[in-house]
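# Structural description and commentary
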Amino acid sequence: GDSVTQMEGPVTLSEEAFLTINCTYTATGYPSLFWYVQYPGEGLQLLLKATKADDKGSNKGFEATYRKETTSFHLEKGSVQVSDSAVYFCALSDRTSGSRLTFGEGTQLTVNP
Amino acid sequence: SQTIHQWPATLVQPVGSPLSLECTVEGTSNPNLYWYRQAAGRGLQLLFYSVGIGQISSEVPQNLSASRPQDRQFILSSKKLLLSDSGFYLCAWSPLAGGKTGELFFGEGSRLTVL
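Numbering of residues starts from 1 in every chain and runs along the sequence as written. Just so you know, chain letters begin at A and ligand numbers begin at 1, following the order they were written in. Thresholds applied to this predicted model are a pLDDT of at least 70 for local features of residues and 80 or more for the giving and counting of side-chain atom pairs; totals over whole chains, interfaces and linings are not thresholded and use all residues. Side-chain figures throughout are based on the complete set of non-hydrogen atoms in the structure, without hydrogens or water.

## Topic: the overall build of chain B
A tally of helices and strands in chain B yields zero helices and eleven strands. Secondary structure elements of chain B occur, N-terminal to C-terminal, as β-β-β-β-β-β-β-β-β-β-β. Relative to its 115 residues, chain B shows a buried fraction of 48%. A separation threshold of at least 6 residues defines the contact pool for chain B, and within that pool the share at least 24 residues apart is 55%. Throughout, the Shrake-Rupley method with a 1.4 Å probe supplies accessible areas, and for residues the shown protein chains are the sole cover considered. Approximately 5,500 Å² of chain B is accessible, and the part contributed by carbon and sulfur atoms is 54%. Under the scheme used here, helices are H or I runs from DSSP no shorter than 4 residues and strands are E runs no shorter than 2 residues, and both carry numbers assigned from the N terminus. Buried, partly exposed and exposed residues are distinguished by accessible area as a fraction of the type maximum, computed with a 1.4 Å probe on protein chains only: under 20%, between the cut-offs, and over 50%, respectively. Any two residues having at least one pair of non-hydrogen atoms within 4.5 Å are treated as being in contact.

## A word on the nonpolar core
Residue and element names in this part refer to chain A. What we call a nonpolar core is a set of buried Ala, Val, Leu, Ile, Met, Phe, Trp, Tyr and Cys residues that are connected through their side-chain atoms within 4.5 Å. Trp35, Leu47, Leu48, Phe73, Leu75 and Tyr88 are the most contacted members of the largest nonpolar core, which has 26 residues in total. Among the secondary structure elements, those contributing two or more residues to this core are strand 2 (11–14), strand 3 (19–21), strand 4 (23–26), strand 5 (32–38), strand 6 (44–50), strand 8 (62–65), strand 10 (86–93) and strand 12 (107–112). In terms of residue count, strand 10 provides more of this core than any other element does, four residues in total. When sequence neighbours within four positions are dropped, the list of residues in contact with Tyr88 reads Gln6, Ile21, Trp35, Tyr36, Val37, Leu47, Phe62, Leu75, Gly106, Thr107 and Leu109.

## Some thoughts on unusual backbone geometry
With an omega dihedral of 0°, the bond running from Trp7(B) to Pro8(B) counts as a cis peptide bond. Summarising the element assignment, Pro8(B) is placed in the loop between strand 1 (3–7) and strand 2 (10–13). Its identity is not glycine, yet Thr71(A) carries a phi of approximately 40°, on the positive side. As for its position among the elements, Thr71(A) is in the loop between strand 8 and strand 9 (75–77). The class for Thr71(A) is partly exposed, based on a relative accessible area of 31%.

## Quick word on the pairing of strand 7 (residues 56–59) of chain A
Residue and element names in this part refer to chain A. Strand direction decides the pairing type here: strand 7 and strand 8, joined by four bridges, are antiparallel. Counterpart to Ser58 in the pairing with strand 8 is Glu63. In this scheme, strands are said to pair when DSSP sees at least two bridges between them. Connecting the antiparallel pair strand 7 and strand 8 is a turn made up of two residues, with Lys60 showing a positive phi of about 55°.

## Regarding the sheet that holds strand 7 (residues 64–70) of chain B
All names here are of chain B. Strand order in the open sheet formed by four strands is 1-3-8-7, and the pairing between neighbours is antiparallel. Each edge of the open sheet carries a strand with a single partner, namely strand 1 and strand 7. Each strand of the sheet is rotated relative to its neighbour by a mean of 15°, with strand direction disregarded. When strand 1 meets strand 3 (residues 19–26), the two strands line up antiparallel, connected through five bridges. Think of each axis as a best-fit line through the C-alpha atoms, taken over the contacting stretch in the case of a helix, with angles from 0 to 180 degrees between the N-to-C directions.

## Let's talk about the interface of chain B and chain A
Opposite the 22 residues of chain B that make contact, chain A presents 19 residues. Note on chain B versus chain A: buried area summed over both sides is about 1,500 Å², and carbon and sulfur give 53% of it. Think of a salt bridge as a Lys or Arg side-chain nitrogen and an Asp or Glu carboxyl oxygen that are within 4 Å of each other. Here chain B is connected to chain A by one salt bridge. Of the charged contacts, one joins Glu103(B) and Lys49(A) as a salt bridge, the two residues approaching to 3.4 Å between their closest N and O atoms. Residues adjacent in sequence count toward polar contacts only when both atoms are side-chain atoms; beyond that, a polar contact is any pair of N or O atoms within 3.5 Å, and within protein one must be able to donate a hydrogen and the other to accept it. Our enumeration of links across chain B and chain A arrives at six residue pairs in polar contact (both at pLDDT 80 or more). For the side of chain B that touches chain A, the secondary structure elements donating two or more residues are strand 4 (32–38), strand 5 (44–52) and strand 9 (87–94) of chain B. In short, buried area is how much 1.4 Å probe accessible area vanishes from two parts on joining, totalled over both.

## Considerations on the packing of aromatic side chains
Between 30 and 60 degrees the pair is tilted, below 30 it is stacked and above 60 it is edge-to-face, where a pair is any two Phe, Tyr or Trp rings, Trp via its six-membered ring, whose centres lie within 6.5 Å. With the rule as written, the count across this model stands at twelve aromatic pairs over all chains. Centroid distance Tyr36(A) to Phe106(B): 5.7 Å. Interplanar angle 80°. Geometry classified as edge-to-face. Highlighted residues: Tyr36(A) in strand 5 and Phe106(B) in strand 10 (residues 105–106), drawn from two different chains. Exposure class is identical for Tyr36(A) and Phe106(B). Each is buried. An aromatic cluster of three or more residues is present, and its members are Phe34(A), Tyr36(A), Phe89(A), Phe103(A), Tyr36(B) and Phe106(B).

## Quick look at the pairing of strand 8 of chain A
Two elements, strand 8 of chain A and strand 9 of chain A, share three bridges in a ladder whose sense is antiparallel. Within the sheet, the bridge partner assigned to Glu63(A) lies in strand 9 of chain A and is Glu76(A).

Any functional reading would require information beyond the geometric quantities listed.
Written as structure tokens, this is what we have:
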């Protein structure tokens, strides 16, 4: 079955540091890939997505590139801010699952001033 | 625009008591609806999803149940709560026609503590 593996957290960075959160996946066919963000006490929000190989999703300074050859969708940001502190979830959907997303475990990011 | 609401936001229940969480979507018709659970320190687990009124699919066997009495209403229930039911419950919807892209829109979440 489908699965998503994220790098283990928590991750603690200083403001303006470079961020990478690794995500790899296993799926049949050609899934769509997503990063969701969950701020403290809130539900999840879509951060960015990519629907086919080599697509780059981007939003709010975050980027992730759909790498079919390495089955990866790593999240990056060049300079994090305190307001980026949140839990980040990698997820996928394939043709059979539609919007029944398979999520990774989530990575807690804390950015210190 | 579309909005999703779920309630209550927080509740504390004794073991063996019943549960009812409600979720409603506004501004769209025929949405796919989902219940996810996020246990402490763990990822998201899909519990139920629905593609229409009265149509419920369960992903994980458990003592929870779901119902969809109206097109835009989704209810999560239990007759007798267990300690292991504690967690953060998230309702979500997706457009029926847009289901191919997989994007979900989440509610604010309901935090359940079973004592």
